[in-house]
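# Residue-level structure breakdown
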Amino acid sequence: MTLSPWWIAQDRVDIVSKRLGLEKWMREYLKSCKRVLDVTFPVRMDDGSVRMFSGCRVQHNLARGPAKGGIRFHPSVTLDDVKALAMGMTWKCAVMGIPYGGAKGGVACDPKKLSLGELERLTRRYTSEIAFLIGPDKDIPAPDVNTNAQVMAWVMDTYSENVGYSAPGVVTGKPIEIGGSEGRREATARGCAVSIQLACDAVGLNLPGARVAIQGHGNVGGILHRLLHEAGARVVAVADSQGAIMNPQGIDPVKLARHEKVKGTVAHFPGAKPISGDALFSVDCDIFVPAALENQLTGARARRLKARIVAEGANGPTMPEADKILAGKGVFIIPDILCNAGGVTVSYFEWVQDIQSYFWDENEVNENLERIMRRAFEAVAARAKKESVNMRTAAYMLAIERVARAIAIRGIYP
Ligand code: GLU
């Protein structure tokens with residue numbers, strides 16, 4: 001049976017809240033989404049026809065601050081998945097200690113099949129459909145799967161044109177020219193790299209020379225490939241949605257990037273052997289990075305996995321059954337809400353810079369990112385040790401506790 005990400009997300013909250021001794025009403029509160037907006041809207045296509053698209057924006061919890069979370073464009077976007085992702089953002093912001101609640105949005109579409117003009121019209125119409133929910137003090141979108149700085153620029157422009165003034169703080173992950181932050185594009189991968197180094201220290205693995213396999217080669221997997229290579233690790237296998245490749249001697253990220261620019265995929269890279277996407281999970285490696293979509297690491301794949309560290313670059317990549325199997329094998333998992341939190345952390349820096357209209361240089365961004373990643377990793381590791389639980393449970397304990405405390409302090413209105 002395939003469990004839905006929303007079911008898995010709620011179940012996790014239930015288990016951890018019970019362990020924390022939270023009251024039943026608080027558990028129910030934490031398990032539900034504050035606001036769910038479902039939208040369907042028309043977009044004029046290049047050939048003159050009109051197509052209907054469905055999307056949504058979900059705000060899970062606002063107890064610790066305005067809602068924060070990405071917008072994804074993917075054919076498989078469903079409301080339930082977006083609810084799970086929005087909830088994940090609440091925990092991610094809480095565990096990192098950044099003052100936001102959690103949100104997520106999405107449109108069911110395949111942006112690879114849309115022209116640039118169609119993508120722009122879709123983005124602008126979706127933005128206007130959710131416009132009353134978003135704003136610099138209310139809900140701040142950012143890039144997620146298949147969305148990028150250009151998409152954020154259209155969101156910012158559409159919102160700004162409607163309110164009548166420029167509101168750079170309404171989105172993060174936008175181009176530098178309109179109030180984006182240095183280092184934001186690489187931030188998720190950079191945060192992953194920091195947490196992988198810390199995990200290596202924890203298990204006594206030398207990152208230089210360590211073998212890495214990465215599922216997903218976009219903004220997270222692709223940039224992480226380069227960063228880990230620069231740190232001396234050997235990336236022996238990578239996969240994207242169109243193919244997977246392996247080379248035990250290591251895959252050069254610069255040459256692969258050149259190949260991807262031409263072919264649009266890692267597949268058929270001359271410097272490596274083609275393998276199936278499923279075979280990626282059997283590759284000999286020390287560190288495995290799922291940096292694609294949810295539910296990729298199934299029980300069966302976890303049984304075959306050889307890595308000592310799993311670094312969750314994606315949101316929700318590991319199924320509960322796989323979690324148990326990996327724990328039994330003594331694998332060190334860096335949970336998504338910690339591992340990939342570099343993105344939202346630099347989003348926070350971007351928002352702060354926008355509000356102050358005072359911009360930092362890249363060094364300052366990266367240093368602060370590393371400091372916050374390290375602080376969160378150490379807090380989670382300390383909690384894991386104290387409670388004799390794994391890193392995921394410890395991260396959830398910290399996050400849920402912080403959100404529950406904020407709710408309790410604010411009180412129940414009226
Ligand atoms: N989409 C990213 C995430 O899942 C970034 C969200 C943000 O920066 O607000 O964490």
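As the structure is a computational prediction, the values presented were derived from the model and not from experiment. (Residues numbered from 1 in each chain as written. Predicted model: local features only at pLDDT ≥ 70, side-chain atom pairs only at ≥ 80, totals over all residues. Heavy atoms only, no water.)

### What to know about the overall build of the protein chain
Scanning the protein chain from N- to C-terminus turns up 14 helices and 12 strands. At 20 Å, the protein chain has a C-alpha radius of gyration in line with the 22 Å of a compact globule built from 414 residues. In terms of overall dimensions, the protein chain has C-alpha extents of about 55 × 55 × 45 Å along its principal axes. The buried share among the 414 residues of the protein chain stands at 58%. Across the protein chain, the fraction of contacts at a sequence separation of at least 24, relative to all contacts at a separation of at least 6, is 68%. Put simply, the protein chain shows about 17300 Å² of open surface, and 52% of that area lies on carbon and sulfur atoms. In the protein chain, the 52 positive side-chain charges and the 44 negative ones have mean positions that sit 5 Å from each other. (Helix = DSSP H or I, 4+ residues; strand = E, 2+ residues; numbered from the N terminus. Rg over C-alpha atoms; globule rule 2.2 N^0.38 Å. Buried < 20%, exposed > 50% of the residue type's maximum accessible area, 1.4 Å probe, protein only. Contact = heavy atoms within 4.5 Å. Areas by Shrake-Rupley, 256 points an atom, 1.4 Å probe, with all protein chains shown as cover. Lys, Arg positive; Asp, Glu negative; His and termini not counted. Charge placed at Lys NZ, Arg CZ, Asp CG, Glu CD.)

### Looking at the nonpolar core
As a rule of thumb, nonpolar side chains are buried together in soluble globular proteins. Leu 30, Trp 91, Met 96, Ile 196, Ile 287, Val 289 and Ile 334 are the most contacted members of the largest nonpolar core, which has 91 residues in total. Counting residues per element, this core draws most heavily on helix α14 (residues 391-410), which supplies 12 residues. Each of domain 1 (31-173) and domain 2 (187-339) contributes no fewer than three residues to this core. Leave out the neighbours within four places in its chain, and Val 289 touches Ile 196, Val 212, Ala 213, Ile 214, Gln 215, Leu 224, Ala 311 and Gly 313. Within the second largest apolar cluster, 26 residues are counted, among which are Leu 114, Val 151, Val 155 and Tyr 159. (Core = buried A, V, L, I, M, F, W, Y, C linked by side-chain atoms within 4.5 Å. Domains from an automatic or database assignment.)

### A short note on the pattern of salt bridges
Inspection of the entire model under this criterion finds 29 salt bridges. Among the salt bridges present, the one from Arg 383 reaches Glu 387, with a minimum N-O distance of 3.0 Å. With Arg 383 and Glu 387 both in helix α13 (residues 362-387) and four residues apart, this pair spans about one turn of that helix. Since its relative accessible area comes to 24%, Glu 387 is described here as partly exposed. As a salt-bridge pair, Arg 405 and Glu 401 come within 3.6 Å of each other at their nearest N and O atoms. Of this pair, Arg 405 and Glu 401 both sit in helix α14, separated by four residues, roughly a single helical turn. Each of the salt bridges in this network shares a partner with another, and the network as a whole consists of Arg 12, Glu 312, Asp 323 and Arg 392. (Salt bridge = Lys/Arg side-chain N within 4 Å of Asp/Glu carboxyl O.)

### Quick look at the domain arrangement of the protein chain
The assigned domain composition of the protein chain is domain 1 (31-173) and domain 2 (187-339). Counting residues at the interface gives 12 residues for domain 1 and seven residues for domain 2. Inspection of the domain 1/domain 2 interface yields one salt bridge. A salt bridge links Glu 294 to Arg 72, with the nearest nitrogen and oxygen atoms 2.8 Å apart. At the boundary of domain 1 with domain 2, the tally comes to two residue pairs in polar contact (both at pLDDT 80 or more). (Polar contact = N/O pair within 3.5 Å; in protein donor to acceptor, adjacent residues only side chain to side chain.)

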